[in-house]
Amino acid sequence: MQRSNTYILLFSMVLTIILGGLLSMASVMLKPAQEKQIELDTKKKILGAVMDISSIKKPEELLALYDQKVKSEVVDINGDLVTADEKGNPIVAEKVNIQKNYRFAPEDRLFPVYKFTGESGTVEAYIFPMFGAGLWDWISGYIALEDDLNTIKGVAFDHKSETPGLGARITTSEVQQRFVGKKIYEGNELVSVAMVKGEGNQGLTEHQVDGMSGATLTGKGVNSMLQTYLGYYEPYLQQKKSGETVALN
Amino acid sequence: MSTEVAETEVKQEKKPSEALLSKRRKKIISDPLNDDNPVTVQVLGICSALAITIKMEPTLTMSIAVTAVIVFSNLIISSIRNLIPGRVRIIVQLAVIATLVTLVSEVLKAYYFDMYKVLGAFVGLIITNCIVMGRLEAYAMANKPYDSILDGLGSGFGYSWIILVVAFFRELFGSGSIFDFKVFEAVGIQNFPTNGLMVDSIGAFMVLGILIWVQRTKTGYVEH
């Protein structure tokens, strides 16, 4: 049966309104749950970079642990503290969107620093967030350094659409464990760490990490992300280091 | 006279009501499982069968998502099939599928965030899964809602069991595990050499090819 153009137009309009309405409703209703998940995911990754959190199943426990253990601050490219934005509103490290900051020039970006504190309140590890390009889309990560600001205590990576089983393996603890204990400094020079090509490599130096077979390009993305962001944080690292020597003297 | 009329009325009422799971309806579900399987016989949905079958867990999520999308889009399209203008039916089907897929993706993001991260773009790509649109065009446009739901379930399960089998072998030989449980270490085989080929798409092609071979040998299906 051939229908009139008016009917077709009307039908399309009504359908669009119904489907569109349905989608916007779902989006609004699911937003709080999604934001909670993202917040939980962020804090999980920050904690995951320094300690094994696989035994903590309840989200509330994890958030409580986070509040107890992690202190945060925000620095600029020179490593100086930033506490308020231009309008005078306080800046919270957890609210800084690394992905949004990635679009600005490095001088204009905000760089959050998370400090993992031990029982007595001393800083046990520094955790730095980072963001970069993988093979297909963005990758992001957190790198935790021991209090010597040289040895890697742990890493946590995330990605948008790396291939499951290949590049997506950067999110597995199996791959992330390979970074632990590696050093980012050679003497006084920042060299970062890098994943090498292939898997099961022997005789790696303390700046080399065993790669992922079939995901060399994702590994390259991780390498350049680490290199770039450790470079951005270097002024902060230097400040902290010299601060410590002064304190010791 | 009056009794006669009453009798015929009763008969007319009874006739169209078919058993909820009559022989014909059972066939609607069972056909796509084997004889008319969407993946191995119709060779549809291969793209996602390759992309997400590296591990069992995402595959299972994908199966549920695809089945849900097929069933509900079949139901919706079948319910409004007499209202849909023939000239714009494809875009209407597409709009319904896209809406459902977006809903699935949003729900995953809100409640199964880890799975959402693993599956990433592939959930969105259900829109392009030929099985969904194929069923709408071939079945839901011409049949009643209840039958369409059964047809959707059949096709969904037909797709699901194939990709789950593919994922089983790929995860077993590619990663040495099932549902991330290290099988070989559990039975006492240390350092099982995993096969990198299975992690690649090529592995899926091979498993799928063997599966089609075995199935066609059994059913005697020949492509014309």
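Presented here is an overview of the structure given in this document. Everything quoted here is computed from the prediction, not taken from an experiment.

1. Some thoughts on the packing of helix α1 (residues 5-50) of chain A against helix α2 (residues 59-69) of chain A
Residues and elements named next belong to chain A.
Part 1: Their axes nearest at 10 Å, the elements α1 and α2 cross at an angle of 55°. Between α1 and α2, the angle falls in the class oblique. For the pair α1 and α2, the crossing hand works out as left-handed. Residue-level inspection shows E39, L40, K43, K44, I46 and L47 of α1 in contact with α2, the latter providing P59, L62, L63, L65, Y66 and D67.
Part 2: Tallied by class, residues from the contact of α1 with α2 come to 8 nonpolar, no polar and 4 charged.

2. Some thoughts on the nonpolar core
Part 1: Counting 43 residues, the largest nonpolar core has B:V69, B:I77 and B:I126 as the members making the most contacts within it.
Part 2: Contributions of two or more residues to this core are made by α1 of chain A together with α3 (46-51), α4 (56-79), α5 (89-111), α6 (113-119), α8 (130-140), α9 (145-174) and α12 (201-219) of chain B.
Part 3: Each residue touching B:I77, except ones within four places of it in the same chain, is listed here: B:I84, B:V92, B:Q93, B:V96, B:L136, B:A140 and B:M141.
Part 4: Ranked by size, the runner-up nonpolar core spans 39 residues in total, among them A:Y126, A:I152, A:V175 and A:V209.

3. Points about the pattern of salt bridges
All names here are of chain A.
Part 1: Across all of its chains, the model carries 14 salt bridges over all chains by this definition.
Part 2: As a salt-bridge pair, R169 and E174 come within 3.6 Å of each other at their nearest N and O atoms.
Part 3: On the basis of relative accessibility, which here comes to 15%, the residue R169 falls in the buried class.
Part 4: Salt bridges sharing partners connect three or more residues here, namely R169, E174, R178 and E199.

4. As for the packing of aromatic side chains
All names here are of chain A.
Part 1: Summed over all chains, the structure comprises 15 aromatic pairs over all chains.
Part 2: For the pair F111 and Y229, a centre-to-centre distance of 6.2 Å together with 70° between the ring planes defines the contact as edge-to-face. One end of the pair, F111, is in strand β2 (residues 111-117); the other, Y229, is in helix α5 (residues 216-248), and 118 residues separate them in sequence.
Part 3: Look at Y126 and Y236: their rings are 6.4 Å apart centre to centre, the planes differ by 70°, and that puts the pair in the edge-to-face class. On the criterion of sequence distance, the pair formed by Y126 in strand β3 (residues 123-133) and Y236 in helix α5 is long-range, its members being 110 residues apart.

The rules we used
Residues numbered from 1 in each chain as written. Chains lettered and ligands numbered in written order. Predicted model: local features only at pLDDT ≥ 70, side-chain atom pairs only at ≥ 80, totals over all residues. Heavy atoms only, no water. Axes fitted to C-alpha atoms, helices over the stretch in contact; angles between N-to-C directions. Helix = DSSP H or I, 4+ residues; strand = E, 2+ residues; numbered from the N terminus. Parallel < 35°, antiparallel > 145°, perpendicular 65-115°, else oblique. Left-handed = near helix turned anticlockwise from the far one by under 90°. Contact = heavy atoms within 4.5 Å. Nonpolar A, V, L, I, M, F, W, Y, C, P; charged D, E, K, R; others polar. Core = buried A, V, L, I, M, F, W, Y, C linked by side-chain atoms within 4.5 Å. Buried < 20%, exposed > 50% of the residue type's maximum accessible area, 1.4 Å probe, protein only. Salt bridge = Lys/Arg side-chain N within 4 Å of Asp/Glu carboxyl O. Phe/Tyr/Trp six-rings, centres within 6.5 Å; stacked < 30°, edge-to-face > 60°.

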